[in-house]
Amino acid sequence: MTMQKVTNVSPAPMTVATPLKDVNAVAAKVNEQFPGAASVDGGSLIVERAQSVPVARLLRDDPSLGVDYLEDITSVDWPDRFDVVYNMYNTTRQEGPLRMKVKADKADPVVPSLVPVHPGANLMEREVYDLMGVKFDGHPNLKRVLLWEGFNGHPLRKDWKEAYFEEEKKPYDQRWPDGKLVRAEDRVPYKDNIVLPPGFDPSKYTAPGEDNVTLVDADALKKGEIRSDTLVINMGPQHPSTHGVFRMRLRLEGERIVDLQPVCGYLHRNHEKIGERNAWLMNMPYTDRLDYVSSMANNFAYAIAVEKLLPTVKVPERAEYLRVIMAEFTRIANHFFALGQLLSDMGAFFTPMLYGIEEREWILDLFEMSSGARMMCNYLRFGGVAKDPPDEFWPLANKLVNDRLERAIDRFDELIAQNEIVLSRAQNVGVLSRADALAFGTVGPVLRASGVPYDVRRAEPYSIYDRFDFSIPVGTVGDVYDRYLVRIAEMRESLKILRQAIKDIPGGQQYNADPAMIYGGPKGWQLKVPKGEVYGRAENPKGSLGFYLVSDGGTNPYRYHIHAPSYVNIGALNVMCKGQTVADVVIITGSLDIVLGELDR
């Protein structure tokens, strides 16, 4: 059996002057092929609705543009229209983002689907349809994805009100009338504020079917009363191998998978609507709950995005180093946990997982020292971090980085990498080709295991990552085994970054001392963010976590959208599982390292 190895590469960072940076030049190139199809507004490429598919194809196929990667799709509800927003990149030259927008009518919002050009648009367009009500003409399976089919309305529209609606924006004025606490549930009791569709009768409601497949009765099949070549089974939503409340609807021929449909949304709580009610800073602890294994890194991505809208805010040097240190410790903790879970999925119940969890606990000790919490850290602030770690932090951090963690990674890899069962279960299983990994917009270790050297820390450097020497591990086959190898190699690269960061961290303030910032005054938390829009992202352990934010200049986001790595990675699950067995589905899903808090939001 051929042994696989990862390759460490160091792609050049994005250059300042790139073709995609000059949106006017991109528009001119588009208009050469499709006269009048493109214009520029506020740094975005505005594309005529009828031309959006051929323009997306031109952006992808023209070698001078090479926009081969559609990372995110979302939409904005304006008083007179909907904007569908696409954030796109060139992964070969490490360029982007190119923000493309297509305008849709307010009364009947319909735009062409980009699934024929970018298959990864499938789930993202379904989310926009589900939550914002924009329809995508030509979509192969346009139905709700996070809410149930009978849900009334589209909750991210500005005119949609939740059952316990109080006011548009927090802090609510009516929460403390006369200085007395009144629970919202007492003021707006359930049922008095529910809006049902006209003529809706619950007793006559019939849920729509999930697809046109006839379900087979298992007892009848066993007795030989039914002869069928294919059958449909559901794995989940309550199933140990789905890593949370998640369902996979499998169509089988014998043991072989011929189709797989991910079914999610069981934990959906409309995080983005909550985020638009919240003040900017109030969202920081909510990001802890996305990928609850990686709260420090989630804070980092959100802080970066908001700070892009705050050009006058300068993050102190010490705070930058602290952010990087917390993010890289998070990556190691996450990967130990993920690989332990993967081995449990293969049948090595708990022993490898406990080896990984033991190391993670040491790292969580550091987080608790710094933030007061092990998982829901809420540690970062706009312009810095909440507080400086105590003196006890540094001896333990040094011990972990320079001694313990490297030995732990070596021991884990020595026990696992050449294990006969691991090799037979993981090699050439769940293969995702390089082309499919890009086409489906996969991110993080899943993308890199398929041979794409794309890492946001290099492609679009943020914070102080451009100062550190580290490589990007990539796989050669794109199977479950490569995803294991890439995560092991990424832990070693994180240690390399940590050694440099801990050695070089300067003294000084850990947060911006500007009195306008959060710690500067009694109402600093009512920060007003200048008017504008931005897509900010960070390379989280599970992949690129992005925040698309729109500010109207007030104290709350006008639009708050999250690009969740777990969500986009399940979009490629079908491709990885076709032709595999039911038992393989379990470890293929495990190799994606999904977290349902982030996936469902």
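Residues numbered from 1 in each chain as written. Predicted model: local features only at pLDDT ≥ 70, side-chain atom pairs only at ≥ 80, totals over all residues. Heavy atoms only, no water.

1. Considerations on the overall build of the protein
Counted only if it meets this: Elements are defined by DSSP. Helices are runs of H or I of four residues or more, strands are runs of E of two residues or more, and each kind is numbered from the N terminus. Put simply, the radius of gyration uses C-alpha atoms, and a globule should come to 2.2 Å times the residue count raised to 0.38. Each residue's exposure class comes from its accessible area (1.4 Å probe, protein chains only) as a fraction of the maximum for that residue type: buried when under 20%, exposed when over 50%, partly exposed otherwise. To be clear on the numbers: accessible area is Shrake-Rupley with a 1.4 Å probe, and residue cover counts the displayed protein chains and nothing else. In summary, the charge assignment counts Lys and Arg as positive and Asp and Glu as negative, without counting His or the chain termini. Where a charge lies is defined by one atom per residue type, namely NZ (Lys), CZ (Arg), CG (Asp) and CD (Glu).
Of the regular secondary structure elements, the protein holds 20 helices and 17 strands. Against the 2.2 N^0.38 benchmark of 25 Å for 601 residues, the protein shows a C-alpha radius of gyration of 24 Å, consistent with a compact globule. Structurally, the protein occupies a C-alpha span of about 75 × 65 × 60 Å along its principal axes. For the protein, with 601 residues in total, the buried portion stands at 57%. If you sum the accessible surface of the protein, you get close to 24,400 Å²; carbon and sulfur atoms cover 53% of it. One way to put it: in the protein the 71 positive side-chain charges average out to a point 2 Å from where the 81 negative ones average out.

2. Here's the deal with the layout of surface pockets
If a probe the size of a water molecule is rolled over the atoms, the empty space left behind becomes visible. Here is the rule: Each cavity reported here is a set of points on a 1 Å grid over the protein atoms alone in which a 1.4 Å probe fits but cannot get out, each pocket an open set with protein on both sides within 12 Å along at least five of seven lines, and each lining residue one with an atom within 4 Å of a point. Grid points are joined across faces, edges and corners, and a volume is the space filled by probe spheres set on the points. Classes in brief: Ala, Val, Leu, Ile, Met, Phe, Trp, Tyr, Cys and Pro nonpolar; Asp, Glu, Lys and Arg charged; the others, Gly included, polar.
What the largest pocket holds in volume is close to 1,000 Å³. In this structure, the largest pocket is lined by 35 residues; those nearest its centre are W160, K161, E162, A163 and Y164. For the lining of the largest pocket, the secondary structure elements donating two or more residues are α4 (184-187) and α6 (271-277). With 3 residues, the top contributor of residues to the lining of the largest pocket is α6. Residue composition of the lining of the largest pocket, by class: 18 nonpolar, 7 polar and 10 charged.

3. Describing a nonpolar patch on the surface
Put simply, the rule is: Nonpolar side chains (Val, Leu, Ile, Met, Phe, Trp, Tyr) are joined into patches within 5 Å and like charges within 9 Å, using only residues with over 30% relative accessible area and no salt bridge. Criterion for a salt bridge: a side-chain nitrogen of Lys or Arg within 4 Å of a carboxyl oxygen of Asp or Glu.
The grouping of F349, F350 and L354 at the surface amounts to a nonpolar patch, some 370 Å² of accessible area in total. Locating L354 in the fold gives a position in helix α10 (residues 351-371).

4. Digging into the nonpolar core
We count it as follows: We define a nonpolar core as any set of buried Ala, Val, Leu, Ile, Met, Phe, Trp, Tyr and Cys residues linked to one another through side-chain atoms lying within 4.5 Å. Throughout, a residue-residue contact means that at least one pair of heavy atoms, one from each residue, lies within 4.5 Å.
Core analysis: the largest hydrophobic core is formed by 167 residues, its most contacted members being L45, L59, Y86, M100, F329, F547 and L549. With 13 residues, the top contributor of residues to this core is helix α9 (residues 317-345). Apart from residues no more than four positions distant in its own chain, Y86 is found in contact with L70, D72, I73, L98, R99, M100, V102, V111, P112, L114 and F136.

5. As for the packing of aromatic side chains
Cut-off, in case you're wondering: Two aromatic rings, drawn from Phe, Tyr or Trp (for Trp, its six-membered ring), form a pair once their centres lie within 6.5 Å of each other, and the interplanar angle then sorts them: stacked below 30 degrees, edge-to-face above 60, tilted otherwise. Sitting over a ring, as applied to charges here, requires NZ of Lys or CZ of Arg to be within 6 Å of the ring centre and within 35 degrees of the ring normal.
One pass over the structure, following the stated rule, counts 15 aromatic pairs. Plain terms: the ring middles of Y465 and F470 are 6.3 Å apart, the flat faces sit at 65 degrees to each other, and that makes the pair edge-to-face. Grouping residues by exposure puts Y465 and F470 together as buried. Site record: aromatic cluster; members linked through ring pairs are F300, Y321, Y462, Y465, F468 and F470. The lysine or arginine in question, K106, covers the ring of F82, its NZ or CZ lying 4.7 Å from the ring centre.

6. A short note on the pattern of salt bridges
By the definition in use, this model includes 48 salt bridges. A salt bridge links K161 to E168; the shortest N-O distance between them is 3.2 Å. A relative accessible area of 35% means that K161 is categorised as partly exposed. A relative accessible area of 35% means that E168 is categorised as partly exposed. E493 is the salt-bridge partner of K496, the closest N and O atoms lying 3.2 Å from each other. Pair noted here: K496 and E493 are both in helix α16 (residues 480-504), with a separation of 3 residues, about one helical turn.

7. So, the side chain of E359
Secondary-structure assignment places E359 in helix α10. The class of E359 is buried, set by a relative accessible area of 1%. Those residues within four positions of E359 in sequence are excluded, and the remaining contacts are F336, R404, L405, A408 and R411.

8. Quick notes on the sheet that holds strand β6 (residues 95-105)
Heads up, the rule is: Any two strands with at least two DSSP bridges between them are considered paired. Fitted lines through C-alpha atoms serve as axes, helices being fitted only where they are in contact, and the angles separating the N-to-C directions of these axes extend from 0 to 180 degrees.
Spatial strand order, β2-β3-β6-β5-β4: 5 strands in an open sheet with mixed pairing. If you trace the sheet from one side to the other, it starts and ends with β2 (38-41) and β4 (69-77), each paired once. For this sheet, the mean inter-axis angle between neighbouring strands, taken without regard to orientation, is 30 degrees. Where strand β3 (residues 44-47) and β6 come together, 2 bridges link them in parallel fashion. Among the inter-strand pairings, L45 is bridged to a residue of β6, identified as M100. Strand contacts of helix α1 (residues 23-33): β2, β3 and β6, with the helix running at about 165 degrees to β2, the strand carrying the most contacts. Each of β4 and β5 (81-90) touches helix α3 (residues 121-132); the most contacted strand, β4, lies at about 10 degrees to it.

9. Some thoughts on the environment of L599
Note on placement: L599 falls in helix α20 (residues 596-600). Between the alpha carbons of L599 and I570 there is a distance of 8.9 Å; along the sequence they are 29 residues apart. Residues within four places of L599 in sequence aside, it is in contact with L146, C264, S566, Y567, I570 and I594.

10. Quick notes on the sheet that holds strand β9 (residues 231-235)
Strands sit in the order β9-β10-β11 across an open sheet of 3 strands; the sheet is antiparallel. The sheet is open, and its two edges are formed by β9 and β11 (256-263), each paired on a single side. Taking each pair of neighbouring strands and ignoring which way they run, the sheet shows an average axis angle of 25 degrees. Sheet analysis places strand β10 (residues 247-253) next to β11, joined by 7 bridges and oriented antiparallel. If you follow L250 over to β11, its bridge partner there is L260.

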